[in-house]
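Architecture at a glance
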Amino acid sequence: MLTNTKIQRLKIPLKIERYLDSDGLYIELTKSGSRIWRYRYKNYAGSWTMKTLGSYPNTSIEKARELRDELAMVVEYKSVLFIDTASEWLEYKGYTSFKNKHLVSRRIENYLLPKLGSMTISHIKPKDILPILKQIEAKGHLELARRVQNILSQIFKYGVQNLYCESNPSQPLQGCTKKPQVRNMPAIIEEAEFTQLLRTIDNAENLMASVKLCLQVAPYVFLRSESIRIAKVDHIDFNRKLWIIPKDKMGREHWIPLTKPLIKLLELAIEASDSVYLFTGTKAQSPLSENTLNKALRSLGIHKDIHVFHGFRSSFSTLAREHCRLDGDLIELQLGHIEGNKVKAAYDRSMRLEERRELMYRWSKYLDQLKCLQ
């Protein structure tokens, strides 16, 4: 290894000469007397190349070695494959929902790995990505193309942040596929039709007990399908009159104030349950399956283009505003929607629980009035 004394004793050569320090680091002497640090290494394409790290003595031996080590690390990272980066990113995301993680993983495996998996992530260009997105678009899956592009962008962003690549090649492709038309979930939002829906559910005779109770509870709580299906008995706190969901879709705890009609239904559900899930599936200690609730609505003659289970959220949002004259902000809070103004949301973390109790009381009273209408 070189020392300051050794370098200072080197004579000016007649032609360029290099002296090895260690691990590919050389000091290069020129005919003009310059002493330049060079690092010789194999780039990600497998070819030998030289990188200038500064001149001596402005760049000391210690600094040159430090720069050499940093560059060696970057060169090593640049050989990382896309498949490895995607796997790392998936774990980094820390999905709390198995369903969501499985869905994203399946999209990576089906659409990205066949073409990009074995490629070094730093080599991937927009021309490698565009055919993948266009092929999905050509099949008419416009929303899927958008979601796959978003997954790609997040993987490359993770790659940039970890020095696996220098840029995000999917970024210039934003908007390269046709924009999907926004399609709202089918929902009944007219009072008369909603009244008939409630009665149809209450009068159903061909449904499994847990399924019927779940459909009866749904209009009172307007939860997403996953949240209500996997709800557990110990989420219900009758003493505090609260249904506490540990984490909703947005990753936050969600509170539902209980009203008298809702409490009666929940007591029946708990009595019929296996003491684990609030609404037990066909197997002991298992929740209702993903498609059960929509299939149940279909069996009651409610067409999928008219109303789906998720539609109870729209029904509440619309009818609570138009017929109950309830506060819009409270409605959004009870739906579990995140405040659009992120700064405001960061400072306003109040649960407004007493106001929400009043909201749920008035909504519950409204539902009971609808059921009693002749």
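Everything that follows concerns the structure shown earlier in this document.
Fair warning: this is a prediction, and the values are worked out from it, not measured in the lab. (Residues numbered from 1 in each chain as written. Predicted model: local features only at pLDDT ≥ 70, side-chain atom pairs only at ≥ 80, totals over all residues. Heavy atoms only, no water.)

**So, the overall build of the chain**
- Across its full length, the chain holds 15 helices and seven strands.
- Taking 21 Å as the expected radius of gyration for a compact globule of 374 residues, we find that the chain reaches 31 Å, considerably beyond that expectation.
- Principal-axis analysis of the C-alpha atoms places the extent of the chain at approximately 110 × 45 × 40 Å.
- Expressed as a percentage of its 374 residues, the buried residues of the chain come to 42%.
- When contacts within the chain are restricted to residue pairs at least 6 apart in sequence, those whose partners lie at least 24 apart make up 58%.
- Put simply, the chain shows about 21,600 Å² of open surface, and 50% of that area lies on carbon and sulfur atoms.
- Treating the 59 positive side-chain charges of the chain as one cloud and the 42 negative ones as another, the clouds have centres 7 Å apart. (Helix = DSSP H or I, 4+ residues; strand = E, 2+ residues; numbered from the N terminus. Rg over C-alpha atoms; globule rule 2.2 N^0.38 Å. Buried < 20%, exposed > 50% of the residue type's maximum accessible area, 1.4 Å probe, protein only. Contact = heavy atoms within 4.5 Å. Areas by Shrake-Rupley, 256 points an atom, 1.4 Å probe, with all protein chains shown as cover. Lys, Arg positive; Asp, Glu negative; His and termini not counted. Charge placed at Lys NZ, Arg CZ, Asp CG, Glu CD.)

**Brief notes about helix α8 (residues 209-221)**
- Relative to the 18 Å expected for 13 residues at 1.5 Å per residue, α8 spans 18 Å between its end C-alpha atoms, a close match to the ideal helical length.
- Across the 13 residues of α8, 12 count as buried, placing the element largely inside the fold.
- Trailing α8 by a residue or two, F222 shows a phi angle of about 40 degrees, which is positive. (Expected span 1.5 Å × (residues − 1).)

**Examining the sheet that holds strand β6 (residues 242-245)**
- Spatially, three strands are ordered β5-β6-β7 in an open sheet, and the strand pairing comes out antiparallel. Only two strands of the sheet have a single neighbouring strand rather than two, namely β5 (236-237) and β7 (254-257).
- Where β5 lies against β6, two bridges are found, and the strand directions are antiparallel. Note that in β6 the partner of I236 across the bridge is W243.
- Each of β6 and β7 is contacted by helix α15 (residues 353-372), which is oriented at about 50 degrees to β7, the strand it contacts most. (Pairing = 2+ DSSP bridges. Axes fitted to C-alpha atoms, helices over the stretch in contact; angles between N-to-C directions.)

**Here we look at the pattern of salt bridges**
- What the rule picks out here adds up to 14 salt bridges.
- We note a salt bridge from D21 to R65, for which the minimum N-O separation is 2.8 Å. One end of the pair, D21, is in strand β1 (residues 17-22); the other, R65, is in helix α2 (residues 61-77), with 44 residues separating them in the sequence. The same class applies to D21 and to R65, which are both buried. (Salt bridge = Lys/Arg side-chain N within 4 Å of Asp/Glu carboxyl O.)

**A short note on empty space enclosed by the protein**
- All told, the structure shown has two cavities of 30 Å³ or more when counted by the stated rule.
- By volume, the largest cavity amounts to about 40 Å³.
- Along its surface, the largest cavity is lined by L198, I201, D202, L215, Q216, P219, Y220, L367 and K371.
- At the level of secondary structure, the elements contributing two or more residues to the lining of the largest cavity comprise α7 (191-202), α8 and α15.
- Estimates place the volume of the second largest cavity at around 30 Å³.
- Lining the second largest cavity, in full, are L10, K11, I12, P13, L29, T30, G33, S34 and R35.
- In the lining of the second largest cavity, the residues fall into four nonpolar, three polar and two charged. (1 Å grid on protein atoms, 1.4 Å probe; cavity = no way out; pocket = protein on both sides within 12 Å on 5 of 7 lines; lining within 4 Å. Points joined across faces, edges and corners; volume = space filled by probe spheres on them. Nonpolar A, V, L, I, M, F, W, Y, C, P; charged D, E, K, R; others polar.)

**Some words on the nonpolar core**
- Core analysis: the biggest nonpolar cluster contains 53 residues, and F194, L215, I228, W243, F279 and W363 have the highest contact counts within it.
- Elements with a minimum of two residues in this core: α7, α8, β6, α10 (260-272), α11 (292-299), α12 (311-322), α13 (328-335) and α15.
- Broken down by element, this core gets its largest block of residues, eight residues, from α8.
- If sequence neighbours within four positions are ignored, L215 has contacts with I201, L207, L293, A296, L297, L300 and F309.
- In terms of nonpolar packing, the next biggest core, distinct from the first, is built from 26 residues, W89, L133, Y164 and C165 among them. (Core = buried A, V, L, I, M, F, W, Y, C linked by side-chain atoms within 4.5 Å.)

**Observations concerning the sheet that holds β1**
- In space, the four strands of this open sheet follow the order β1-β2-β3-β4, with antiparallel pairing throughout. Each edge of the open sheet carries a strand with a single partner, namely β1 and β4 (48-55). The average undirected angle you get between the axes of adjacent strands in this sheet is 30 degrees.
- Summarising the sheet, strand β3 (residues 35-42) and β4 pair through seven bridges and their orientation is antiparallel. Across the sheet, the residue bridging to Y41 is T49, located in β4.

No statement about biological role is implied by the geometric values presented.
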